[in-house]
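Remarks on the overall topology
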Amino acid sequence: MVTLHMPRIIVSCTATGAPVPTGHRTQDLDLASMIGTRSFRCPTCNAVHAWSAQDAHVEVGLPEAARDRAVA
Ligand SMILES: [Zn+2]
């Protein structure tokens, strides 16, 4: 069996507009049923951003080399 890397959940940085990973993946957070907001420390601007499901999207087609380096 091949282990699939589940796609990350991405939001746009409110300071720079860059797409940044929230630290969540589709396997641990279901955007369709997510209620309210969550916050995370942005790796782009180092501020804490709050976001809701409507701000987020799921990444597609990410190369293996660009995987999240901050997996706990
Ligand atoms: Zn940011």
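Below is a summary of the structure that appears in this document. All values derive from a computational prediction rather than experimental measurement.

**Digging into the nonpolar core**
Core analysis: the largest hydrophobic core is formed by 11 residues, namely Ile9, Val11, Cys13, Val20, Leu29, Leu31, Met34, Phe40, Cys42, Trp51 and Ala56. Not counting chain neighbours up to four residues away, the residues in contact with alanine 56 comprise Ile9, Ile10, Val11, Leu31 and Trp51.

**Quick notes on the pattern of salt bridges**
Across all of its chains, the model carries one salt bridge by this definition. Of the charged contacts in the structure, one is a salt bridge between arginine 8 and glutamate 59, with a shortest N-O distance of 3.3 Å. Remark: glutamate 59 occurs in the segment after β5 (57-58) and arginine 8 occurs in strand β1 (residues 8-12); sequence separation between them is 51 residues. We classify arginine 8 as buried; its relative accessible area is 10%. Residue glutamate 59 is classed as buried on the basis of its relative accessible area, which comes to 14%.

**Digging into the sheet that holds strand β2 (residues 19-25)**
Pairing is antiparallel across the open sheet formed by three strands, whose spatial order is β2-β1-β5. With one partner strand each, in any of the chains shown, β2 and β5 form the two edges of the open sheet. Strand direction decides the pairing type here: β1 and β2, joined by four bridges, are antiparallel. Each residue of the ladder has a partner; that of serine 12, found in β2, is proline 19.

**Description of the side chain of glutamate 59**
One polar contact links the side chain of glutamate 59 to the main-chain amide nitrogen of arginine 8, over a distance of 2.9 Å. Those residues in contact with glutamate 59, other than ones at most four positions away along the chain, are Pro7, Arg8 and Ile10.

**Digging into unusual backbone geometry**
Negative phi values dominate among residues other than glycine, just as trans dominates among peptide bonds. Of note in the backbone geometry, asparagine 46 takes a positive phi value of approximately 70 degrees without being a glycine. The topology assignment puts asparagine 46 in the loop between β3 (37-41) and β4 (48-52).

**Quick notes on the coordination of the zinc ion**
Protein coordination at the zinc ion: the donors are Cys13 (SG), Cys42 (SG), Cys45 (SG) and His49 (NE2), at 2.0 to 2.3 Å from the metal. Given four donor atoms and angles of 101 to 114 degrees at the metal, the environment of the zinc ion is assigned as tetrahedral. All donors of the zinc ion come from a single chain, and their spacing in sequence reads C-x28-C-x2-C-x3-H. Classification of histidine 49 as buried rests on a relative accessible area of 9%.

Calculation rules
Residue numbering note: each chain is counted from 1, following its sequence as written. Note on the predicted model: pLDDT of at least 70 is required for a residue's local features to be given, and 80 or more for side-chain atom pairs to be given and counted; whole-chain, interface and lining totals, by contrast, use all residues. With hydrogens and water set aside, each side-chain value is computed from the structure's full complement of heavy atoms. In plain words, nonpolar cores are sets of buried Ala, Val, Leu, Ile, Met, Phe, Trp, Tyr and Cys residues tied together by side-chain atoms within 4.5 Å. Each residue's exposure class comes from its accessible area (1.4 Å probe, protein chains only) as a fraction of the maximum for that residue type: buried when under 20%, exposed when over 50%, partly exposed otherwise. For this analysis, residues touch if any pair of their heavy atoms sits within 4.5 Å. Salt bridges are identified by distance alone: a Lys or Arg side-chain nitrogen within 4 Å of an Asp or Glu carboxyl oxygen. Secondary structure elements follow DSSP: runs of H or I of four or more residues count as helices, runs of E of two or more count as strands, with numbering from the N terminus. Strand pairing is assigned whenever DSSP detects at least two bridges linking the two strands. What qualifies as a polar contact is a pair of N or O atoms within 3.5 Å, subject to a donor-acceptor requirement within protein and to the restriction that residues adjacent in sequence count only when both atoms come from side chains. Water is not among the atoms examined, so metal sites may look incomplete; donors are the N, O and S atoms within 2.8 Å of the metal, or within 3.2 Å for Na, K and Ca. Any coordination sphere not matching a tetrahedral pattern (four donors, all angles between 85 and 135 degrees) or a square planar or octahedral pattern (four or six donors, opposite donors over 155 degrees apart, other angles between 65 and 115) is reported as irregular.

Everything listed here is a matter of coordinates, which is why it stays silent on function.
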